[in-house]
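Listed here are the chains, written in short residue letters.
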Amino acid sequence: MSRTCDVAIVGAGFAGLAAADVLARSGLDIRVFDENPHVGGQLLRRPGGTSHGPGGFEFDGIKRSGLRLVARVARRGVKVNGGTQVLGLFPGNTLLVQGGDGRVSEITARCVLCASGARETYIPFKGWTLPGVISTGSAQILIKSSGMLPAKETLIGGLGPLPFVLAREISRHGGKVSAILDHGGVLDKIGLLRTLPRNLPKLLDGAWIMVLLALRGIRVRPRMRILEASGKTRLESVVAARASGEGAIISGTEIRYQTECLAVGFGFAPNIELLLQAGCIAAHVPERGGWVVQVGDILETSMENVFAAGEVTGIAGARKSLIEGRIAGLAIRERLGCPAPATPQMLHGLACERRDELRYGAVLNRMCRLPGDWVKGIQEETIICRCEDVRMADIRKALAHGFATPGALRKACRCGLGNCQGRICSPILRDILAAVAKPDPARLAAPSVRPPIKAVRLGALAENEEIVTVGSASPPDP
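These lines cover the structure that appears in this document, whether it is placed above or below. (Residues numbered from 1 in each chain as written. Predicted model: local features only at pLDDT ≥ 70, side-chain atom pairs only at ≥ 80, totals over all residues. Heavy atoms only, no water.)

**Some points on the sheet that holds strand 11 (residues 220–222)**
- The five strands are arranged 8-15-9-10-11 in an open sheet whose pairing can be described as parallel. Strands at the two margins of the open sheet, each flanked by one partner only, are strand 8 (133–135) and strand 11. Direction aside, the axes of adjacent strands within the sheet are offset by 20 degrees on average.
- Summarising the sheet, strand 10 (residues 176–182) and strand 11 pair through three bridges and their orientation is parallel. (Pairing = 2+ DSSP bridges. Helix = DSSP H or I, 4+ residues; strand = E, 2+ residues; numbered from the N terminus. Axes fitted to C-alpha atoms, helices over the stretch in contact; angles between N-to-C directions.)

**Details of a nonpolar patch on the surface**
- A cluster of nonpolar side chains, F59, L200, L204, W208, V211 and L215, forms an exposed patch at the surface whose accessible area comes to about 540 Å².
- Tracing the chain through its elements places L204 in helix 5 (residues 196–215). (Patch = residues over 30% accessible without salt bridge, like charges linked within 9 Å, V, L, I, M, F, W, Y side chains within 5 Å. Areas by Shrake-Rupley, 256 points an atom, 1.4 Å probe, with all protein chains shown as cover. Salt bridge = Lys/Arg side-chain N within 4 Å of Asp/Glu carboxyl O.)

**What to know about helix 1 (residues 14–24)**
- The buried fraction of helix 1 is high, at 11 of 11 residues.
- Of the positions making up helix 1, those classed as buried are F14, A15, G16, L17, A18, A19, A20, D21, V22, L23 and A24. (Buried < 20%, exposed > 50% of the residue type's maximum accessible area, 1.4 Å probe, protein only.)

**Concerning the packing of helix 7 (residues 318–335) against helix 8 (residues 343–367)**
- At a minimum axis distance of 9 Å, the contact between helix 7 and helix 8 shows a crossing angle of 150 degrees. Comparing their axes, helix 8 and helix 7 come out roughly antiparallel. Here helix 7 and helix 8 pass one another in a crossing that is left-handed. Between helix 7 and helix 8, the residues in contact are R319, K320, I323, E324, R326, I327, L330 and E334 and T343, M346, L347, L350, A351, E353, R354, E357 and L358, respectively. (Parallel < 35°, antiparallel > 145°, perpendicular 65-115°, else oblique. Left-handed = near helix turned anticlockwise from the far one by under 90°. Contact = heavy atoms within 4.5 Å.)

**Some details on the layout of surface pockets**
- Its boundaries defined by the atoms lining it, the second largest pocket holds a volume of some 1,300 Å³.
- Lining the second largest pocket are 48 residues, and of these W291, S426, P427, R430 and D431 sit closest to its centre.
- For the lining of the second largest pocket, the secondary-structure elements that each account for two or more residues are strand 16 (268–270), helix 6 (273–278), strand 18 (290–293), helix 10 (406–413) and helix 11 (425–437).
- It is helix 11 that provides the largest number of residues to the lining of the second largest pocket, a total of eight residues.
- In terms of residue class, the lining of the second largest pocket is made up of 26 nonpolar, 13 polar and nine charged. (1 Å grid on protein atoms, 1.4 Å probe; cavity = no way out; pocket = protein on both sides within 12 Å on 5 of 7 lines; lining within 4 Å. Points joined across faces, edges and corners; volume = space filled by probe spheres on them. Nonpolar A, V, L, I, M, F, W, Y, C, P; charged D, E, K, R; others polar.)

This is the structure in structure tokens:
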């Protein structure tokens, strides 16, 4: 692999591929890196690592657009390095990359685009670490990659649209869904109607899913909160109860479900660790999904020649990612001296489309916002940090002793210091802090991230004597 290139793109989802498509037209040397063996992100994942077939009817047509983009990028000869981890981004736009063979090397680019997508977030409850309790995304990956159902019958719970999408996928593949325990209410979704004029195809897709679920007899239970998952060695049953609009459990409404599989999902958090480690400025913007990287009109971050596109600038779906990928591609192409004749006009049109998608994303993120009293329902023995076995009682004890920031809690009880490097528990911990300690928002600084941002063997680092010294570009966590 060449050690230098014109543009390095981290992420081969919709945003990364859209940028690569624009940049490839100028003959620039492009390198695209992605952890997955397939291209197109999670939306286009298919069995065997392929990205073929739209996977069912849709009004929006976004999957078909994505498949055409994948084919176009392939025709332009853009090489995507699948199964590759980017471990760090250092001064001079030097990336530390671990290939599929485990070897670590440096790649230096004139411009870097981070389009690393997002991950699911969770509400912890007693028993959520039992075998048989999985995320809605994991269940979709199992179906899409292997053509396998998570179980003969699956109970689904959470917030936002993904639980409903999963129910449709399971029923399409011959599986049974016990029920959908929607933590939100019917009124929470009314806000989507305000986006109707510009987002009719998306709303029709959502309505079509609801019709299909109703035809298959799948019951949706609104304002149901999962209290406990139980079983001796794996999941056997789930207890849920009705909750008020503020999240308080309504006594006497408990229901027990016998099930071998519970799939849960509560929205998404942007994957901004690489950008934080590089020193880019981030901000907490709830209507964009939490901590997002700050960008300007052309999606350049606070670091010169480092751009960001897709979910890292705000959770809003695949169409926003496509638009932002094109914006970033045009901006980088102009930065490198290869502008298209109509670049200003194209950027203006894309900026207007981006604003529409951000408004739609704001409504979706409000749907996934946790109610005010949700923390009160977490039992003392509930595990918060799965890697380090830190429980809610440990968190409350540390808070009582004055450890009231993420960094302080990490030092006090090791929450977030496990193998996942806080990717699962850090958003939970910050939500708990916001609900319980109610600290000054200024003290809840952006997460502190140090390289390598993904787990890597020390031997792999030692084998390459020319790699950069691993240090931190981000400020210490308070």
